[in-house]
Amino acid sequence: MTRVIQWATGVTGMMSLRHVLSRPDLELVGVRVYDRAKAGIDAGTLCGTGEVGICATADRDEIIGTEADIVLYMGKVETDIAGCFADVCDLLASGKNVIATGSRFIHPRSLHASLADGIDNACRAGGSSFLGLGLYPGFFGESLTPILSRLTGRLGRVSVREVLNYSSYASHDLIFNAMGFGHTPDDTTPLLANPEYAASAWIGSATVLAQSLGLTIRSVRGFRHVVTTPRALTVAAGEIPAGTVGAMRFGVEVDCGDTTLSVEHLTRMADDLAPDWPKKIGYEATFDGEPSMQLHLVIGSHGADHAEQGCLATAMHAINAIPAVIGAAPGLYDLSTIAPFVAHWTTCGAPHS
């Protein structure tokens, strides 16, 4: 039985918690929450599965001191890089393996050598392993695209893109404070208003992809483009006034010599905004080479909410990686260096009562 700590219970974290409780091979031993209103509440009650005897806590030190085999870390690294990396390093140094979601964790060294060095040192101190993953970034470009490359004789350009409508995504902090929806185009307050910061969300994904393809990165150019909404929009995260950002696309163009990599994210708050931009919802990889190829993936293909199903896919990617991370030698891994892993559905059962 693998002892698991769920760190954070936002949209993705709550889905992860629910599925951890449904698996007979996993034992929940702790839940870290940021909202003090959730502290003291039974974990099963929090996610709607019925009481399980483990209460959530807002006490960081209590969780770090809890004995566990692995932590599913889903803190808000997009808005608190320093704090989240400090959490992860302390967890690793305490002897617990960590799987973390969030773009900044996909390839820490591509952001700053000190971030990777901190994780490396913590892994050595605790005899533990770390893996950053997700969906996009953290899966589609890094895992599926290299497999497609097996079919090519020459690569000129590889473009990887996510197109979503985030009107149903309820995180006010991410949608408004981080991404900048609902702000004027010239407002520099949101984190992603800084083009370099926006680009840094994708450099880890591009770096892992380049590693997998055996390419050397020569230079990186980041970009961010926005379109305003002509009318007020009411979305799950709040109100977006007319004349403020209602659609955006941002990412990186990476020069690898004979091959160029493009990794970008495109989000609308209404389907009719930015009509000249790509519209097809989902994840797309395009190969310009010999032969040329295009792959399109839709998550939530039976009419389900795409943003919600994407969060579920992220949670399951983390849960399904647990055996590979626990079985790895101590150290810092990414999706190009961790051993391949797949889901083991036969281990799933009913939620604990």
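Worth saying up front: this structure is predicted, and the values here are computed from it rather than measured. (Residues numbered from 1 in each chain as written. Predicted model: local features only at pLDDT ≥ 70, side-chain atom pairs only at ≥ 80, totals over all residues. Heavy atoms only, no water.)

Some thoughts on the pairing of strand E1 (residues 2-7)
The buried fraction of E1 amounts to five of the six residues, a majority that puts the element mostly inside the structure. Sheet analysis places E1 next to strand E2 (residues 26-32), joined by six bridges and oriented parallel. Bridge assignment links valine 4 to a residue of E2, and that residue is leucine 28. Following the chain from E1 across helix H1 (residues 11-21) to the adjacent parallel E2, one finds a crossover that is right-handed. The pairing of E1 with strand E3 (residues 70-73) spans four bridges and is parallel. (Buried < 20%, exposed > 50% of the residue type's maximum accessible area, 1.4 Å probe, protein only. Helix = DSSP H or I, 4+ residues; strand = E, 2+ residues; numbered from the N terminus. Pairing = 2+ DSSP bridges. Right-handed = clockwise from strand over helix to strand, strands pointing away.)

Examining the domain arrangement of the chain
Taken as a whole, the chain is organised into domain 1 (2-134 + 309-333) and domain 2 (143-298). One C-alpha centre belongs to domain 1, the other to domain 2; they are set 26 Å apart. Each partner contributes residues to the interface: domain 1 has twelve residues there, and domain 2 has 14 residues. A buried area of about 1100 Å², summed over both sides, lies between domain 1 and domain 2, and 60% of it is on carbon and sulfur atoms. Summed over the three residues of domain 1 that lose the most area to domain 2, namely Thr79, Arg104 and His107, the buried surface amounts to 37% of that side. Taken together, the connections running from domain 1 to domain 2 amount to one salt bridge. In this structure, lysine 76 engages aspartate 173 in a salt bridge whose closest nitrogen and oxygen atoms are separated by 3.7 Å. Between domain 1 and domain 2 we count four residue pairs in polar contact (both at pLDDT 80 or more) in total. (Domains from an automatic or database assignment. Contact = heavy atoms within 4.5 Å. Buried area = accessible area lost by both parts, 1.4 Å probe. Salt bridge = Lys/Arg side-chain N within 4 Å of Asp/Glu carboxyl O. Polar contact = N/O pair within 3.5 Å; in protein donor to acceptor, adjacent residues only side chain to side chain.)

Quick look at unusual backbone geometry
Of note, the bond from tyrosine 136 into proline 137 is cis; its omega dihedral lies within 30 degrees of zero at 0°. A positive phi angle, close to 90°, is found at alanine 8, a residue other than glycine. Judged by its relative accessible area of 6%, alanine 8 is buried. Its identity as a non-glycine residue notwithstanding, alanine 274 has a phi of 50°, on the positive side. Along the chain, alanine 274 falls in the loop between strand E11 (259-268) and strand E12 (282-290).

Re the confidence of the model for the chain
Scored by pLDDT, the chain has a mean of 94; 97% of the residues are at 70 or more. Note that pLDDT drops below 50 for residues 347-353; the model gives that stretch 20 contacts with residues more than four away or on any other chain. (pLDDT = per-residue confidence, 0-100.)

Examining the nonpolar core
In this structure, Leu72, Tyr73, Val98, Ile99, Phe105 and Phe130 are the most contacted members of the largest nonpolar core, which totals 57 residues. Considering each element in turn, this core owes the most residues, six residues, to helix H4 (residues 81-93). For isoleucine 99, the residues in contact, after removing those within four places along its chain, are Ile70, Val71, Leu72, Tyr73, Leu131, Leu133, Ala318, Ala321, Ile322 and Val325. Judged by nonpolar contacts, the second largest core, of 53 residues, contains Phe140, Leu192, Ala201 and Leu213. (Core = buried A, V, L, I, M, F, W, Y, C linked by side-chain atoms within 4.5 Å.)

Notes on the packing of aromatic side chains
This structure, assessed with the given rule, holds nine aromatic pairs. Measuring from ring centre to ring centre gives 5.3 Å for tyrosine 166 and tyrosine 169, while their planes differ by 20°; the resulting arrangement is stacked. The pair tyrosine 166 / tyrosine 169 is uniform in exposure class, with both members buried. Above the face of the tyrosine 34 ring, arginine 32 is positioned so that its terminal group lies 4.4 Å from the ring centre. (Phe/Tyr/Trp six-rings, centres within 6.5 Å; stacked < 30°, edge-to-face > 60°. Lys NZ or Arg CZ within 6 Å of the ring centre and 35° of its normal.)

Some thoughts on the environment of valine 325
Examined against the element boundaries, valine 325 turns out to sit in helix H11 (residues 322-327). By relative accessible area, which is 0% here, valine 325 ends up buried. Separated by 14 residues in sequence, valine 325 and alanine 339 have C-alpha atoms that sit 8.4 Å apart. Setting aside chain neighbours within four positions, we find valine 325 in contact with Ile70, Asn97, Val98, Ile99, Ser129, Leu131 and Ile338.

Quick word on the pattern of salt bridges
On inspection of all chains with the given rule, the structure shows 15 salt bridges. Where glutamate 78 meets arginine 104, a salt bridge forms, and the shortest distance between an N and an O atom there is 3.1 Å. Taken as a pair, glutamate 78 in the loop between E3 and H4 and arginine 104 in the loop between strand E4 (97-101) and helix H5 (108-111) lie far apart in primary sequence, 26 residues in all. Residue glutamate 78 is classed as partly exposed on the basis of its relative accessible area, which comes to 22%. For arginine 104, a relative accessible area of 1% puts it in the buried group. A salt bridge links arginine 109 to aspartate 120; the nearest nitrogen and oxygen atoms lie 3.3 Å apart.

Details of the UniProt feature "domain: 2,4-diaminopentanoate dehydrogenase C-terminal" (unreviewed entry) in the chain
Under the feature "domain: 2,4-diaminopentanoate dehydrogenase C-terminal" (unreviewed entry), the UniProt entry names residues 175-337. As annotated, residues 175-337 comprises 28% helix and 34% strand, and the C-alpha atoms at either end are separated by 32 Å. (UniProt positions renumbered as here; feature names shortened; annotations may be inferred.)

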